[in-house]
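Results of the structural survey
So the chains spell out like this:
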Amino acid sequence: MASPLVGTKLYRPQPRRGLVARPRLSERLERAAEARLTLVSAPAGFGKTTALTAWLAVRPQQDGVAWLSLDEGDAQAASFWTYVITALQGVAPDVGAAVLPLLQSSRAPSEATLATILNELGASPHQLYLVLDDYHLADGPDIAAGMTFLLHHLPPQAHLVISTRADPDLPLARLRASGDLVEVRAADLRFTLAETSAYLTDTAGLELTSDAVAALETRTEGWVSALQLAALSLEGRPDADAFIDHFAGDDRYIVDYLVEEVLSRQPEQLHTFLLQTSVLDRLTAGLCETVTGRPGGGAVLEALERQNLFVIPLDDHRRWYRYHQLFADVLQAHLHRERPDEVADLHRRAGGWYEQAGEPGPAVHHALAAGDVDHAADLVELAIPQLRRDRREATIRGWIEGLPEELVRRRPVLAIGLVGALMAGNDFADVEGRLRDVERWLPALRAGEPLPSEIVVTHQDEVARLPAAVQLYRAALALIGGDLSGTVRHAERAIALSVDDDVIPAGASALAGLAHWTSGDLEAAHRRYAASLGGLQSAGHLSDVLGCTIALADIRIAQGRLGDALATYQAALQLAVRRSGPPLRGTPDMHVGIAQIALERGDLETARQQLRRACDLGEHLGLPQYPYRWRATTAVLRESEGDLAAAMDLLDEAQRVYIGDFSPDVRPLSARIVRVQLARGDVDTAMQWAGAHGPAATDDVSYLHEFAHLTVVRVLLAEYRLRGSEARLDEADALLDRLLASAENGGRRGSVIEVLTLQALTHQARGDLTGALARCERALTMARPEGHVRVFTTEGEPLAALVEACRRPTAREASDHGAPGRRSARTGGGLVDPLSARELEVLRLLATDLDGPGIARHLMVSVNTLRTHTKSIYAKLGVTSRRAAVRRAQQLDLLSTPSGR
Amino acid sequence: MKHTARGSSHRSGHYRIRIEGRLDPRWVTRFAGMTLAPEDDGTTVITGPVVDQAALHGLLRTLRDLGLPLVSLTRTPTDDPYA
């Protein structure tokens, strides 16, 4: 990413000397300090940049000005925002530091990311101006939404300044109406007669009659570029009046006329230099020398700048320049007319220079302009592997789509590169056709054998990758098409065909894992995901490792293996914190996962801490599903705390931020919402859902619909309790029997426990206490090894009563947490044997600097009594030292005073 | 007049674009495939086939970047390119 060209984009042009004072323009721009957006919108050559730089030069010293010159590449969101943040960091170093690395991998920043940046801007003590020059080059759907959001939420000390040739796609009317917009348009930028006179006389040093000045002003209409050219044409010309007469009487396109004048007055070599270098977007000494074939490029550029010949410096060191657009256009027209045969060769030389300089982007551009499509294709092929590693899929796509179609058809490496880029952008339309093209060539692409003449491969190493890559993309297509067995088949082939590569097998394994998961084969899914995780770790794709971890843990949770799920998350967290540098994307997701497990175990305190830690890390660090998962898990916490209204609100929010992906939706949000509704006693709404959206009680059971079916059972039970209809109970029982069989078959222990508790309830409802207790006991026994608690606390009093009647140690723990709505005294903190109030007091004093006798005196007990207390405390906490006791107490948050919220 | 088929707005067409100012015919190399005709009122008419909407917008952008004010734009029936 870092290249010399980057610095030039951030370079703030210096104000020119000898500028004409334009007070009414300055006055208008002064208002920018009060506005969100200052818009300078006018065609090329009206002096937008000059006006802005002159105004910025008189800002108070402490104001921060971030300047960004945009180009076409910035129409892509990732590039645009990366540069914006980089520019802002020049004046506010802390802005976007955490967010920057994330932008390179994702396509567009989320609102959460932008909000982070806005908050950081809000912390600035000074006024901040972000100036976006040549905005018309970047304006487009990709960035418009983000820019609108940014504008809407700008803190008062931040101001946006946009310089453009076309009005941007932003809510200008609204900003105008609310007084948040300062506009400078062509009419404002045109030079008045007085200003024209001042320019020609003072700045250009010409001696002209007022009639001559008026004639020039009329002809140029105050267009400053034209004025500049006119001044250049008049320099040292003895027949100024004749020239002006002729000029005023001619109606040719003014720039054309004047540039031709100026050009014709240049010495031969300079004339040639100008024409030949007009093919370049940017100019630097070495590049110009290569293109013109003559030395001394640097001196020429400096001379051009001195003469004010439309060369604009792009940095302080005078290394890079560019031509003013209008000038370049006319120069190019002259080039094509005077030296048409040279044009291709000029581009070729420019492309060669960029290749040497290691800049494939411009090299490809010039190769294409030279008509060397094959060479351009070669360059793209060679650049693909690095671009792929950098996740710059959109760049790959752009370059390949810029090549002629039939060329891409003949180059399997390009075709596959395009397929990968298309799929990364969720654009599946053409993929099938292109895959088939590549597959046709595969048999001929055996290692060591000469290629058939019809196809071209430049990057030999990439050939080895092709067969596996094709199978990988086929697996993905199969998954999207719902062909699960096809997915696994192609994934296995991809793995088998992989040579010296971790990434393709990891991707293939994950796809196979998804397929298995969707079909309910959890053990197979876990195996695949584990393989994928290993591959990703070897390849160093750590954020993907975290993403994979979520799938692995979710599968273990479905299997009831809470301990394994927790270990998975903890291992991933270790990985995430071990590295140096900014925090890894996906880290907060790990904390949410740990919270989820803690909630299953009834450990509300740990859940709270973990969710808080996730929050502190920030939503912008989360994976795409993070906003949803955080809210859904916090909803469970609120439910466990008895705050059903809050739980409901969170689930509603979760619904709004939900992003579907390819993982199976095994806990549909709508069913979760219904469960909370039932807990609130809102049976009617729940019944409506069951009727309209829920699976029928008689539908086939499957892993995918298990959660919804279990919700339906609860609805039936609630309906029975409300209406007393036995039929509902029968339906529930029948469904539960089938669900039990399915869950046992699928190895889903957690679901088995849940089914058993519901069966216990239906038996209880029928008055069959023995049957109820038997099932409850079995559930408790199954729950003990992994510590499932929550499943017993969500069904209220009826189940609580059964649990208590079973009288097991785990039963005591479950009953301690009570039914939702019944707040238990917060003494135990999730311990099997909770500490007494007195013991808690002692514990708090253990956390202070007091020694043993000191604590005893404070409590007004003997040292012996104290020793008894501490022994009991240590036993209950499972520790053997004071320090360990204090640490454990901190983990369990036992040291805060018990005054409640 | 022939009835234009539905969807033809996305296919190629002939356009007449009038700009303010006289553009020398040599600029024709910049607008490949089009003709430039200066008119008596100080405007220039650029006429010719444009392959699709994207190409049209590209052409308009070039005119914009040259600072040539747009006066009017019409699509003419393809079987009458000299209209």
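Residues numbered from 1 in each chain as written. Chains lettered and ligands numbered in written order. Predicted model: local features only at pLDDT ≥ 70, side-chain atom pairs only at ≥ 80, totals over all residues.

1. Some details on the confidence of the model for chain A
Low-pLDDT stretches of the model should not have their predicted coordinates read in fine detail. Note the threshold: Across the chain, each position has a pLDDT score giving the predictor's confidence in that residue, from 0 to 100. Residues are treated as contacting if the C-beta atoms built from their backbones sit within 7 Å of each other.
Taken residue by residue, chain A gives an average pLDDT of 87. The fraction at 70 or more is 94%. Residue range residues 818-829 of chain A is modelled with pLDDT below 50. Its contacts to residues more than four positions away, or to other chains, number 26 contacts.

2. As for helix H10 (residues 193-203) of chain A
Residues and elements named next belong to chain A. For the record, the criterion: Three classes are used. A residue is buried when 20 or more other C-beta atoms lie within 10 Å of its own, exposed when 12 or fewer do, and partly exposed in between, with C-beta atoms placed from the backbone. Every helix listed is a DSSP run of H or I at least four residues long, and every strand listed is a run of E at least two residues long, numbered separately from the N terminus. Starting at the helix axis, one direction is taken to each C-beta atom, and the arc is that of these directions.
Looking only at H10, the buried set comprises Glu195, Thr196, Tyr199 and Leu200. The arc enclosing the buried residues of H10, seen along the axis, measures out at 130 degrees, which places them on a common side. Lining the buried residues of H10 we find helix H11 (210-220) and helix H12 (224-234). Looking at the residues trailing H10, positive phi occurs at Gly205, about 65 degrees.

3. Considering helix H25 (residues 431-441) of chain A
Residue and element names in this part refer to chain A. Turning to H25, its buried residues are Arg434, Val438 and Trp441. End-on, the buried residues of H25 take up no more than an arc of 55 degrees, which puts them together on one face. Facing away from the buried side of H25, by more than 90 degrees, are the exposed residues Gly433, Arg436 and Arg440. Here the buried face of H25 lies against helix H24 (412-424) and helix H26 (460-480).

4. So, the interface of chain B and chain A
Counted only if it meets this: In this count, Pro and Cys sit with the nonpolar residues alongside Ala, Val, Leu, Ile, Met, Phe, Trp and Tyr, while Asp, Glu, Lys and Arg are called charged and the others, Gly among them, polar.
On the side of chain A, 17 residues touch chain B, which itself brings 14 residues to the contact. For the side of chain B that touches chain A, a count of residues per class yields four nonpolar, four polar and six charged.

5. Quick word on the environment of A:Gly593
Residue and element names in this part refer to chain A. One can find Gly593 in helix H32 (residues 587-600). Look at Gly593 and you get buried, because 28 C-beta atoms sit within 10 Å. Separated by 40 residues in the primary sequence, Gly593 and Ala553 place their C-alpha atoms 7.8 Å from one another.

6. Quick word on the nonpolar core
Residue and element names in this part refer to chain A. Keep this limit in mind: A set of buried residues drawn from Ala, Val, Leu, Ile, Met, Phe, Trp, Tyr and Cys, joined through C-beta atoms within 7 Å, is what defines a nonpolar core. By convention here, the domain bounds are inherited from an automatic or database domain assignment.
The biggest cluster of nonpolar side chains holds 251 residues, and the ones touching the most others in it are Leu130, Val131, Val380 and Leu511. Residue-level mapping places this core at the junction of two domains, with at least three residues from each of domain 1 (4-188) and domain 2 (193-265). In contact with Leu511, not counting residues within four places along its chain, are Ala475, Ala476, Leu479, Thr487 and Ala491. With 13 residues, the next largest nonpolar core counts Leu835, Ala856, Leu866 and Ala889 among its residues.

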